Amino acid sequence: DAGVTQSPTHLIKTRGQHVTLRCSPISGHKSVSWYQQVLGQGPQFIFQYYEKEERGRGNFPDRFSARQFPNYSSELNVNALLLGDSALYLCASSFLARDTYYNEQFFGPGTRLTVL
Amino acid sequence: AQKITQTQPGMFVQEKEAVTLDCTYDTSDPSYGLFWYKQPSSGEMIFLIYQGSYDQQNATEGRYSLNFQKARKSANLVISASQLGDSAMYFCAMSHTDKLIFGTGTRLQVFP
């Protein structure tokens, strides 16, 4: 079975531009989460979507938005890019059962975004 | 608030030796999960091991074991018989409902 896939693998943008990152979860997984990993730090939670609904949001500005499609794939959009948005963006999928603290997440290879 | 602390920025270990990577956590929630992930230079986060807060026994997965001390709020990863391919960043994480909270990571380097 295919794992979590993300596209593109690398991306270079300039300040003020907009970017869209894409993620396809593992077949059967209905939950997708997005994380930002700045160089030298651990991943930071941005969003989680479950059954096309936003289930959680991290401490990120409104320039960051996401959505989940009927096939459970997801897009992360970032508007008005800043230099500080340069990071590895990781997507993770999980088979999220309701009301459980067990949330094993399977990560994709990430999209490395560079903002110049 | 939930927090993960990894105090070792870097660790060195000789091949075939065991190594312990430290992780402490802070939460007031009685139900939580603790994870360890490996991140090679390629960037992908690879799941290694999981420990639930109500699990009575320490988790083990092959050469990986998790030394869970609930009263001390620590969840150290032990890698036995280190291999050159174990060289990578290692992240401890805690699950809290909708997300994983990660520490800052430990870079492990295995030398021959």
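Calculation notes
Residues numbered from 1 in each chain as written. Chains lettered and ligands numbered in written order. Predicted model: local features only at pLDDT ≥ 70, side-chain atom pairs only at ≥ 80, totals over all residues. Heavy atoms only, no water. Disulfide = S-S within 2.5 Å. Helix = DSSP H or I, 4+ residues; strand = E, 2+ residues; numbered from the N terminus. Buried < 20%, exposed > 50% of the residue type's maximum accessible area, 1.4 Å probe, protein only. Core = buried A, V, L, I, M, F, W, Y, C linked by side-chain atoms within 4.5 Å. Contact = heavy atoms within 4.5 Å.

Draft legend 1. Broad picture of the state of the cysteines. If you walk through the whole model with that rule in mind, you get two disulfides over all chains. Here cysteine 23 of chain A pairs with cysteine 91 of chain A through a disulfide, and the sulfurs are 1.8 Å apart. Around the S-S axis, the bridge from cysteine 23 of chain A to cysteine 91 of chain A shows a dihedral of about -65 degrees and counts as left-handed. Highlighted residues: cysteine 23 of chain A in strand E3 (residues 19-24) and cysteine 91 of chain A in strand E9 (residues 87-94), separated in sequence by 68 residues. As far as the burial class goes, cysteine 23 of chain A and cysteine 91 of chain A line up, both buried. What pairs with cysteine 23 of chain B in a disulfide is cysteine 92 of chain B, and their sulfur atoms sit 2.0 Å apart. Negative torsions about the S-S bond denote left-handed disulfides, and the value of about -60 degrees found for cysteine 23 of chain B with cysteine 92 of chain B makes this one left-handed. Placement of cysteine 23 of chain B in the loop between strand E3 (19-21) and strand E4 (24-26) and of cysteine 92 of chain B in strand E10 (residues 88-96) is noted, with a sequence separation of 69 residues between them. By relative accessible area, cysteine 23 of chain B is classed as buried at 1%. Judged by relative accessible area, which is 0%, cysteine 92 of chain B ranks as buried.

Draft legend 2. Structural detail: the nonpolar core. Residue and element names in this part refer to chain B. By size, the foremost hydrophobic cluster in this structure holds 25 residues, and its most contacted members are Ile4, Leu34, Trp36, Ile49, Leu77 and Tyr90. Contributions of two or more residues to this core are made by E3, strand E5 (33-39), strand E6 (46-52), strand E8 (64-69), strand E9 (74-79), E10 and strand E12 (106-111). Element by element, the count of residues in this core is highest for E10, at four residues. If we ignore the near neighbours within four places in the chain, the residues touching isoleucine 49 are Leu34, Phe35, Trp36, Ala59, Thr60, Glu61, Tyr64, Ser65, Leu66 and Leu77.

Draft legend 3. Quick look at unusual backbone geometry. Residues and elements named next belong to chain A. The peptide bond linking serine 7 to proline 8 adopts the cis configuration, its omega dihedral lying at -10 degrees. Looking at the secondary structure, you find proline 8 in the loop between strand E1 (5-7) and strand E2 (10-13). The phi dihedral of glutamate 51 is positive, around 50 degrees, even though this residue is not glycine. Tracing the backbone through its elements, the reader meets glutamate 51 in the loop between strand E5 (44-50) and strand E6 (53-57). With relative accessibility at 29%, the residue glutamate 51 sits in the partly exposed group. Of note, the phi angle at lysine 52 is positive, near 70 degrees, even though the residue is not glycine.

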